[in-house]
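Okay, here's what each chain looks like letter by letter:
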Amino acid sequence: MSQPGREQREQPFLTNESDVTGLIPRGLRVGAALAWRFIVVIAALYAVVWLMGYLSAVVIPVSIALLLSALMAPAVAKLVAWRFPRGLATGIVLIAGLAVLGGLLTFVITQFSSGLPQLQQQLNNSLNQIKDWLINGPLHLRQEQIQDFINQAIGFIQNNQSSLTTTALTTAGTIGEILTGFVLTLFVTIFFLAGGDNIYSFLVRGVPARVRRRVDVAGRRGFASLVSYIRATAAVAVVDAVGIGIGLWIVGVPLVIPLATLVFLGAFIPIIGAVLAGGVAVLIALVTKSFIGAVIVLAIVIGVMQLESHILQPLLLGRAVRLHPLAVVLAIATGLVAAGIAGALLAVPLLAVLNAGIRSLLHEHDPDPATVDALHSKAAQPNDAKPDEADAEKDNEKK
């Protein structure tokens, strides 16, 4: 007897032998679909990262200009509110900012230069102490051995003079690139401060009309997150500089104010910058004071870093940009590997902007760009109201 049900079940495989999709398990099909989509996304991200690296001479100055704009835009808006023309307000804020930055750098360089003879004398004393310890200490090295080591070091420098010269020329070229980048950054910052709203509106007009309002609000919240990040980072930098500066003053390390200023500037690179600046302070303490003094300074730097990571970062940066400390560390590490110091500087701001913008796109219901002030820190947080709640609020407002 025939079995119609069985024939009907086997009919698709008998009539279309070339279609083998039905023979593949569902789990394998889903895995394959996810895999090729994942490969496409990774390839697209790799292409974007490669393109940004290829255009790094433009991308980095524009990114730094955006950070500077987030730092200076509130001051420009305040002057505009006081009836200053926007061009004049931009010029005043920009000149004041350059004066402060130039004054800090000039002060640091001047103080280091004036303290260099004393530092060199203390370095010679420290080297003599080390030499005496090598001869009379537990190693019992001979004077000839130490002199042979010094001669070998001098011979190494002479033998590699060509490579050192090439490195110096490369460094000179790098300095030229830095100066060019600085001019480009300054030029872009002027336009961002003077006409940033018009530039942003022009970019938003390229978005499809049905999602334009949502993208507009997401971009505004991303910039507000950037403003909050800059403010919080400046506050953390001040606390780091004051804490380490007081510690250096108590220990009696020279060049206290320049070192504190260096810590302040380095703190704008989260975690890494302040650690490197603190390391310079420890080295100077080791040269000018003693091993015990260097250990004390190291303890002070570690204490300030603990204060930053456990109190300041959660209270200030955590509230400002809503990022987990692990995400911050991983972002800095990834940026450092991908683009060096510039990547470490820009990784966390980029992550903060993406976090605020994506949260706005995913959770906001019927956002209104006119209600979002990108220069206010609270604007960085999206409106997470549910659709029913948002409709109820609108009905209440109408009543």
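The model shown is predicted, which means the values in this text are computed figures rather than measured ones.

Undergrad: Can you walk me through a nonpolar patch on the surface in this structure?
TA: A contiguous nonpolar patch, built from Y46, W50, L51, Y54, L55, V58 and V62 and spanning about 760 Å² of accessible area, is present on the exposed surface. Elements that contribute at least two residues to the nonpolar patch include exactly α2 (26–54) and α3 (56–81). It is α2 that contributes the most residues to the nonpolar patch, four residues altogether. Relative to the helices and strands, Y54 resides in helix α2. Given a relative accessible area of 62%, Y54 falls into the exposed group.

Undergrad: I would appreciate a short explanation of the nonpolar core in the present structure.
TA: Generally speaking, nonpolar side chains in soluble globular proteins are found buried as a group. Residues I244, L248, V253, L259, V297, V301 and M305 are the most contacted members of the largest nonpolar core, which totals 18 residues. At the level of elements, α7 (212–251), α8 (256–266), α9 (272–288) and α10 (291–321) are the ones that each hand at least two residues to this core. Among the elements that line this core, the one with the most residues is α9, at six residues. Each residue touching M305, except ones within four places of it in the same chain, is listed here: D240, I244, A274 and V275.

Undergrad: Would you mind going over helix α11 (residues 325–363) with me for this structure?
TA: In an α-helix, one turn spans 3.6 residues; hence positions three or four apart end up facing the same way. Compared with an ideal rise of 1.5 Å per residue, which puts 39 residues at 57 Å, α11 spans 23 Å between its outermost C-alpha atoms and falls more than 12% short. By the largest-angle criterion, A339 marks the main kink of α11, which is about 150°.

Undergrad: What exactly am I supposed to notice about the packing of α8 against α9 here?
TA: For any two helices packed against each other, the geometry comes down to the angle between their axes and how far apart the axes lie. Between α8 and α9, the least distance of the axes is 7 Å, while the angle of their chain directions is 160°. Regarding the angle of α8 to α9, the classification is roughly antiparallel. Pair α8 / α9 crosses with right-handed handedness. Only G273, A274, A277, G278, V280, A281 and I284 of α9 make contact with α8, whose side of the interface consists of L259, L262, V263 and G266. Counted by class, the contact of α8 with α9 contains eight nonpolar, three polar and no charged residues.

Cut-offs applied
- Residues numbered from 1 in each chain as written.
- Predicted model: local features only at pLDDT ≥ 70, side-chain atom pairs only at ≥ 80, totals over all residues.
- Heavy atoms only, no water.
- Patch = residues over 30% accessible without salt bridge, like charges linked within 9 Å, V, L, I, M, F, W, Y side chains within 5 Å.
- Areas by Shrake-Rupley, 256 points an atom, 1.4 Å probe, with all protein chains shown as cover.
- Salt bridge = Lys/Arg side-chain N within 4 Å of Asp/Glu carboxyl O.
- Helix = DSSP H or I, 4+ residues; strand = E, 2+ residues; numbered from the N terminus.
- Buried < 20%, exposed > 50% of the residue type's maximum accessible area, 1.4 Å probe, protein only.
- Core = buried A, V, L, I, M, F, W, Y, C linked by side-chain atoms within 4.5 Å.
- Contact = heavy atoms within 4.5 Å.
- Expected span 1.5 Å × (residues − 1).
- Bend = angle between axes of the 7 residues up to and from the residue.
- Axes fitted to C-alpha atoms, helices over the stretch in contact; angles between N-to-C directions.
- Parallel < 35°, antiparallel > 145°, perpendicular 65-115°, else oblique.
- Left-handed = near helix turned anticlockwise from the far one by under 90°.
- Nonpolar A, V, L, I, M, F, W, Y, C, P; charged D, E, K, R; others polar.

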